[in-house]
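The primary structure of each chain is shown beneath.
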Amino acid sequence: MVIAAMVVVTACTGDAQPPSLTQAGTPQSTTSALTTSGPVGSSAATVETSTPAVQDRAGERVEMVERQIEGRGIEDQVVLAAMRAVPRHRFVPDELTDRAYGDHPLPIGHGQTISQPLIVAMMSTALAAEPGDKILEIGTGSGYQAAVLAEMGMEVYSVEIIPELANRAARALDDLGYGVAVRTADGYFGWEEHAPFDGIIVTAAPDHVPQPLVQQLEPGGVMVIPVGPIGAVQTLWRFTVSESGEFQAPGSRPPELQAESMGAVSFVPFTRAEE
Ligand code: SAH
């Protein structure tokens, strides 16, 4: 697994001004937004003359992966293939579809954003999951990250605290045939009925690691989570539960964790139901 180290990326920031990407030691500094040639929308009359690839914006995805993901050192072929396949433009508001494949996050309403493609690739790679693994995502947002994991062959459960976003994401995922289970709740408590998980991915930043999530991980399971103070740059962590650790019931001692820093990131805050 190769991950660009110490990259400050705009992941899922409240400030959705694109592109604000500062990079250290990576091959490219910035890439410009990519556009397709020709119209993308189709009517009954244009379907015959437009190729499905253009309507589906496959060319933009190939370029996005080549320039923004592979070009920055991510080599996981399963992740790259999934990001070439998932129609990211279907997860952004209609008026922003032309910018869906740019090198930046985009607003999705309610003060939230769809993460920059690079951060989705980094987090998906860091999970080190196998097809069939059961993954819990906290922070469904647009549903795009969940779709990428589903496309990689994972069984995905995703929790979103804002009901409107959860509903919209569930619809987009259903329309595209991704069997992702979406639930509206405070993800601090995970999704106990479906625990334990092989991996947990958190796409909003709490100021500490929620213990209920740790306790819903399998032995050998991985949690990828940004942690840090609200409004400041956070650290993206990859925690691994020791293979010997048994799955712990809530309330018992947390299993041993191995921590690995993946660099500085900027995510929207992890909010709590009572706030
Ligand atoms: N993974 C998303 C990124 C969404 S941004 C995507 O691919 O589009 C982070 C999301 O986390 C926001 O939608 C926000 O509402 C949600 N969130 C914040 N705190 C949460 C919590 N306690 N439980 C569940 N979701 C939360």
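Look up: the structure comes first, before these words.
Residues numbered from 1 in each chain as written. Predicted model: local features only at pLDDT ≥ 70, side-chain atom pairs only at ≥ 80, totals over all residues.

Chemist: Can you help me understand the overall build of the chain in this one?
Modeler: Across its full length, the chain holds eight helices and 10 strands. When the 275 residues of the chain are sorted by exposure, 46% land in the buried category. When contacts within the chain are restricted to residue pairs at least 6 apart in sequence, long-range pairs at least 24 apart make up 62% of them. (Helix = DSSP H or I, 4+ residues; strand = E, 2+ residues; numbered from the N terminus. Buried ≥ 20, exposed ≤ 12 C-beta atoms within 10 Å, placed from the backbone. Contact = placed C-beta atoms within 7 Å.)

Chemist: When you look at unusual backbone geometry in this model, what are you seeing that I'm missing?
Modeler: In most cases, non-glycine residues show a negative phi, while peptide bonds are predominantly trans. The omega torsion across alanine 195 and proline 196 is 5°, close enough to zero to call that bond cis. Counting through the fold element by element, proline 196 comes out in the loop between strand S6 (181-184) and strand S7 (197-202). Of note in this structure, arginine 57 is not a glycine but carries a positive phi near 65°. Position of arginine 57 among the secondary structure elements: in the loop between helix H2 (52-56) and helix H3 (58-69). Of note, alanine 128 is a non-glycine position whose phi angle comes to about 50°, a positive value. Looking at where alanine 128 falls in the secondary structure, it is placed in the loop between helix H5 (117-126) and strand S4 (134-138).

Chemist: Got a minute to help me understand the pairing of strand S2 (residues 106-109) in this structure?
Modeler: Look at any regular strand and the pattern is simple: side chains alternate between the two faces of the sheet. Relative to strand S3 (residues 112-114), S2 runs antiparallel, the two being bridged by three bridges. Its bridge partner lying in S3, glycine 109 is registered against glutamine 112. What sits between the antiparallel neighbours S2 and S3 is a turn of two residues, in which histidine 110 has the positive phi angle 60°. (Pairing = 2+ DSSP bridges.)

Chemist: Got a minute to help me understand the nonpolar core in this structure?
Modeler: Across soluble globular proteins, nonpolar side chains show a tendency to be buried alongside one another. Ile135 and Val148 are the most contacted members of the largest nonpolar core, which totals 69 residues. Looking at this core element by element, the count peaks at seven residues for H5. Setting aside residues up to four positions removed in sequence, valine 148 forms contacts with Ala82, Met83, Val86, Val120 and Ser124. (Core = buried A, V, L, I, M, F, W, Y, C linked by C-beta atoms within 7 Å.)

Chemist: Looking at this structure, I do not really get the site of the ligand. What am I missing?
Modeler: The full set close to the ligand counts 25 residues, and Gly139, Gly141, Ser142, Gln145 and Gly187 are the nearest of them. Those elements giving two or more residues to the shell around the ligand turn out to be S3, helix H6 (144-151) and strand S5 (155-160). Here the shell around the ligand is composed, by residue class, of 12 nonpolar, 10 polar and three charged. (Near = placed C-beta within 6 Å. Nonpolar A, V, L, I, M, F, W, Y, C, P; charged D, E, K, R; others polar.)

Chemist: Would you explain helix H4 (residues 77-85) in this entry?
Modeler: An α-helix turns once every 3.6 residues. As a result, residues three or four positions apart point the same way. Among all positions of H4, only Val79, Ala82 and Met83 are buried. The buried residues of H4 occupy one face: seen down the axis, they fall within an arc of 95°. Buried residues along H4 sit in contact with H3, H5 and H6. (Arc of directions from axis to C-beta.)

Chemist: Could you clarify how one ought to interpret H3 in this entry?
Modeler: Between its first and last C-alpha atoms H3 spans 15 Å; for 12 residues at 1.5 Å apiece the expected length is 16 Å, and the two agree. Within H3, the full set of buried residues consists of Glu60, Arg61, Met64, Val65, Gln68 and Ile69. End-on, the buried residues of H3 take up no more than an arc of 135°, which puts them together on one face. Elements in contact with the buried residues of H3: H4 and H5. (Expected span 1.5 Å × (residues − 1).)

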